[in-house]
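# Residue-level structure breakdown
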Amino acid sequence: EEQQALLHAIQDSGSEGILLIGEEGQIKAFNTAALRILWGGEEQASKSLPEMKQSAIRALAETPADQGMVRWEGRLIERFTTSVPPYGQLFVFRDITMRRQLEEQRLRLETVIASMKEGFAIVAFDSMRIVSTNPAMEQMLGYGKDELIGRNFSEIRAGSDAERQAG
């Protein structure tokens, strides 16, 4: 009984959803994160639980095993699966919709910054060290990207190597 309680505590402490689906397609076990991921969103509140359960089982269980991503209810779910004889199929999954959207936004922003004609640098607030630059900044200052990254912004002198050494 104590081990069972410990197992449930461990299972519910994770942020990934865990769902065990039996051979006949029924949900045999799940954790709190699975409920939050699959049934916790506002868009799911209007749907009946049996309808949502069947939809979730289809999305997780009927997608080919070699596909790690599943689209479900407008979200992107990353899933891992393994067979657990004789109990069924175990699914461990997480909602990566927001992470994917942020990554796409970051890539778009990097593209815009890289194509700017104005010099641009990202500097760490606490240390004043350069974190990133764009090609225009590198050209303006006369340094390569590798020479700028990690240096304190106040130490940078613009100009060619000869001009910096003379100054």
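Predicted, not measured: the structure shown is a model, and the values here were computed from it.

This brings us to empty space enclosed by the protein. A water-sized probe rolled over the atoms picks out the places where empty space is left. Taken as a whole and assessed by the stated rule, the structure comprises one cavity of 30 Å³ or more. Roughly 30 Å³ of internal volume is contained in the largest cavity. Taken together, Leu38, Ala56, Ala59, Leu60, Val70, Trp72 and Ile77 form the lining of the largest cavity. At the level of elements, α3 (49-61) and β3 (69-72) are the ones that each hand at least two residues to the lining of the largest cavity. Per element, the largest residue contribution to the lining of the largest cavity is three residues, and it comes from α3.

Next up on the list: the pairing of strand β1 (residues 17-21). For β1, a buried count of four out of five residues is recorded, marking the element as mostly surrounded by other parts of the structure. Sheet analysis places β1 next to strand β5 (residues 88-95), joined by five bridges and oriented antiparallel. If you follow Gly17 over to β5, its bridge partner there is Phe93. In the sheet, β1 pairs with strand β2 (residues 27-30) via three bridges, with the strands oriented antiparallel. The residue bridging Leu20 from the neighbouring strand is Ala29, located in β2. If you look at the hairpin formed by β1 and β2, you'll find five residues sitting between the two strands, and Gly25 has a positive phi there, around 90°.

Excluding glycine, residues mostly have negative phi values, and the peptide bonds linking residues are mostly trans. For the peptide bond that leads from Pro85 to Pro86, omega is -5°, which places it in the cis range. Note that Pro86 resides in the loop between β4 (75-84) and β5. At Met128, a residue that is not glycine, the phi angle is positive and equals roughly 60°. Tracing the backbone shows Met128 in the loop between β6 (121-123) and β7 (130-133). Residue Met128 is classed as partly exposed on the basis of its relative accessible area of 39%.

What the rule picks out here adds up to seven salt bridges. Note that Arg94 and Glu16 form a salt bridge whose closest N and O atoms lie 3.1 Å from each other. With Arg94 in strand β5 and Glu16 in the loop between α1 (2-13) and β1, this pair connects stretches of sequence that are 78 residues apart. The class for Glu16 is partly exposed, based on a relative accessible area of 27%.

With that settled, consider the side chain of Thr97. Of note, Thr97 is situated in helix α4 (residues 97-115). Residue classification places Thr97 among the buried residues on the basis of a relative accessible area of 15%. A distance of 2.7 Å separates the side chain of Thr97 from the backbone nitrogen of Leu76, its partner in a polar contact. Ignoring any residue separated from it by four or fewer positions in sequence, one finds Thr97 in contact with Arg75 and Leu76.

Each value, and the rule that gives it
- Residues numbered from 1 in each chain as written.
- Predicted model: local features only at pLDDT ≥ 70, side-chain atom pairs only at ≥ 80, totals over all residues.
- Heavy atoms only, no water.
- 1 Å grid on protein atoms, 1.4 Å probe; cavity = no way out; pocket = protein on both sides within 12 Å on 5 of 7 lines; lining within 4 Å.
- Points joined across faces, edges and corners; volume = space filled by probe spheres on them.
- Helix = DSSP H or I, 4+ residues; strand = E, 2+ residues; numbered from the N terminus.
- Buried < 20%, exposed > 50% of the residue type's maximum accessible area, 1.4 Å probe, protein only.
- Pairing = 2+ DSSP bridges.
- Salt bridge = Lys/Arg side-chain N within 4 Å of Asp/Glu carboxyl O.
- Polar contact = N/O pair within 3.5 Å; in protein donor to acceptor, adjacent residues only side chain to side chain.
- Contact = heavy atoms within 4.5 Å.

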